[in-house]
Amino acid sequence: MADTSPAQAQAASPTTGVMVILSVKPGVTREQVMAVMPDEIRQTVQLYLNGKVREWYSRSDGRGAVFLLDVKDVIEGHAIMDALPLAKQDLIDHEYIAVGPLMPLRLLMTKP
């Protein structure tokens, strides 16, 4: 077992991915979004097949989607999402959250 102090266990975790929460901008109509969706879906599927999209979900409120990207940082996540058709047409907002291992689990690895 590794000898890890509680302070080390609570340190910031390394980024292993980026969660992106997409929301349709206020005032954007369903028709505007649906006109772009065929291209958006094709390009998103390609990102999935290329290993950049790890998981993807619809928001239950119908206002967008949530993606878990396999990227090293938020900057790379921005570059990927900004290249998609909905973003290029300025129809959606993005929220980016860097994610990583649940670091408090390291406390289980410390010697009593």
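Residues numbered from 1 in each chain as written. Predicted model: local features only at pLDDT ≥ 70, side-chain atom pairs only at ≥ 80, totals over all residues. Heavy atoms only, no water.

Teacher, can you tell me more about the overall build of the protein chain here?
In terms of helices and strands, the protein chain carries 4 helices and 4 strands. Helices and strands appear in the protein chain in the N-to-C order α-β-α-β-β-α-α-β. The buried share of the protein chain, taken over its 112 residues, is 29%. By sequence separation, contacts in the protein chain at least 24 residues apart represent 72% of the contacts at least 6 residues apart. Just so you have it, the protein chain exposes about 7300 Å², and 58% of that area is on carbon and sulfur atoms. (Helix = DSSP H or I, 4+ residues; strand = E, 2+ residues; numbered from the N terminus. Buried < 20%, exposed > 50% of the residue type's maximum accessible area, 1.4 Å probe, protein only. Contact = heavy atoms within 4.5 Å. Areas by Shrake-Rupley, 256 points an atom, 1.4 Å probe, with all protein chains shown as cover.)

Sorry if this is basic, but what is going on with the pattern of salt bridges here?
If the charged atoms of two oppositely charged side chains come close together, the side chains can form a pair. On inspection of all chains with the given rule, the structure shows 7 salt bridges. Between D39 and R42 there is a salt bridge, with the nearest N and O atoms lying 2.8 Å from each other. Of this pair, D39 and R42 both sit in helix α2 (residues 30-49), 3 residues apart, roughly one helical turn. Residue classification places D39 among the partly exposed residues on the basis of a relative accessible area of 39%. (Salt bridge = Lys/Arg side-chain N within 4 Å of Asp/Glu carboxyl O.)

I would appreciate a short explanation of a nonpolar patch on the surface in the present structure.
A cluster of nonpolar side chains, I41, V45, Y48, L49 and W56, forms an exposed patch at the surface whose accessible area comes to about 480 Å². In terms of residue count, the dominant contributor to the nonpolar patch is α2 (4 residues). Looking at where I41 falls in the secondary structure, it is placed in helix α2. (Patch = residues over 30% accessible without salt bridge, like charges linked within 9 Å, V, L, I, M, F, W, Y side chains within 5 Å.)

In this structure, what is going on with the nonpolar core? I would like to understand it.
Most often, soluble globular proteins have nonpolar side chains that are buried together. Counting 20 residues, the largest nonpolar core has V20, L22, F67, L69, M81 and L86 as its most contacted members. Ranked by residues supplied to this core, first place goes to strand β1 (residues 17-24) with 4 residues. If we ignore the near neighbours within four places in the chain, the residues touching V20 are A65, V66, F67, L69, M81, H94, E95 and Y96. (Core = buried A, V, L, I, M, F, W, Y, C linked by side-chain atoms within 4.5 Å.)

How should the sheet that holds strand β4 (residues 92-99) be read in this particular structure?
Paired through backbone hydrogen bonds, the strands of a sheet run either parallel or antiparallel to each other. The strand order across the open sheet formed by 4 strands is β2-β3-β1-β4, and the pairing between neighbours is antiparallel. Sheet topology places β2 (53-58) and β4 at the edges, where each strand pairs with a single neighbour. Each strand of the sheet is rotated relative to its neighbour by a mean of 15 degrees, with strand direction disregarded. In this sheet, strand β3 (residues 64-69) lies alongside β2 in antiparallel orientation, the contact comprising 5 bridges. Bridge pairing links S58 to A65 in β3. (Pairing = 2+ DSSP bridges. Axes fitted to C-alpha atoms, helices over the stretch in contact; angles between N-to-C directions.)

By themselves, these are just geometric observations and shouldn't be taken as functional.
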